[in-house]
Amino acid sequence: VGLAILAAFLVFKIYRLIMEPIEFEKIKKTRFVRVQESLINIREAQMAYREEMGQFCGDLNELVAFVDTGRLTIIERKDTSFMYYNKVYQQEMMKDSVIVRVLGTEGVKKNRFGSDFDVNTLRYVPFSDKVEFAIGAETIERNGVKVPVFEASAADSDVLYDIPERFDTYIDQAHRIQVGSLTEPKISGNWQ
């Protein structure tokens with residue numbers, strides 16, 4: 001009877017040892033999908049900000065306010081060409097041009113996310129205890145060209161802060177899930 005109880009206890013321990021990493025990966029996967037969606041929304045907001053302002057936003061409060069109350073200019077571009085008389089060559093020549101017309105403005109929130117979008121989802125890391133995303137923007141130089149860049153990120157420890165202590169050994173404290181980069185001109189996420 002004692003051996004049967006000991007064997008059952010050891011089987012349970014082995015089962016838990018095998019299942020712990022599997023349970024952790026399930027939790028991590030579902031949480032990271034939501035964080036990735038939030039980071040993609042931040043990227044979309046940053047692209048709208050750059051479209052209007054010419055640079056990326058380095059302040060999360062300003063970015064959230066821009067999405068909530070900002071306006072995007074809607075323009076129409078038409079490529080056209082026409083014939084004109086060139087006095088130097090004394091002949092008719094074709095000239096290409098672009099006609100730009102401003103059609104109006106539309107709210108950023110409605111244009112990029114839909115009118116029922118909650119802008120506070122841009123601010124806080126999902127599943128965290130009101131921890132905000134880390135965000136930054138700079139201008140770097142690549143091949144003699146100044147390029148605006150941004151980065152938004154969340155630490156794994158913030159995303160997985162409330163999981164049971166038995167999973168602490170599986171959390172990489174140094175890893176961050178991020179979109180964009182402050183050192184490279186890219187806007188993709190580090191999971192893509």
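For the structure itself, look to the data block above.
All values derive from a computational prediction rather than experimental measurement.

**A word on the overall build of the protein**
Along the protein, the regular secondary structure elements total four helices and five strands. Taken from the N to the C terminus, the helices and strands of the protein come in the order α-α-β-β-α-β-β-α-β. Taking 192 residues into account, the globule formula puts the C-alpha radius of gyration at 16 Å, and the protein, at 26 Å, lies well above it. Projected onto the principal axes, the alpha-carbon positions of the protein cover approximately 110 × 35 × 25 Å. Looking at the protein as a whole, 30% of its 192 residues are labelled buried. Intrachain contacts of the protein at a sequence separation of at least 6 include 59% that bridge at least 24 residues. Looking at the protein as shown, the accessible area adds up to about 12500 Å², and 53% of this sits on carbon and sulfur atoms. For the protein, the distance from the average site of its 25 positive side-chain charges to the average site of its 29 negative ones is 4 Å.

**What about the side chain of arginine 43?**
Inspection of the secondary structure puts arginine 43 in helix α1 (residues 2-53). No salt bridge forms around the buried arginine 43; measuring N to O, its nearest opposite-charge neighbour glutamate 44 is 5.8 Å away. Residues contacting arginine 43, with those up to four places away along its chain left out, are Phe150, Val179, Ile187, Ser188, Gly189 and Gln192.

Conventions used here
- Residues numbered from 1 in each chain as written.
- Predicted model: local features only at pLDDT ≥ 70, side-chain atom pairs only at ≥ 80, totals over all residues.
- Heavy atoms only, no water.
- Helix = DSSP H or I, 4+ residues; strand = E, 2+ residues; numbered from the N terminus.
- Rg over C-alpha atoms; globule rule 2.2 N^0.38 Å.
- Buried < 20%, exposed > 50% of the residue type's maximum accessible area, 1.4 Å probe, protein only.
- Contact = heavy atoms within 4.5 Å.
- Areas by Shrake-Rupley, 256 points an atom, 1.4 Å probe, with all protein chains shown as cover.
- Lys, Arg positive; Asp, Glu negative; His and termini not counted.
- Charge placed at Lys NZ, Arg CZ, Asp CG, Glu CD.
- Salt bridge = Lys/Arg side-chain N within 4 Å of Asp/Glu carboxyl O.

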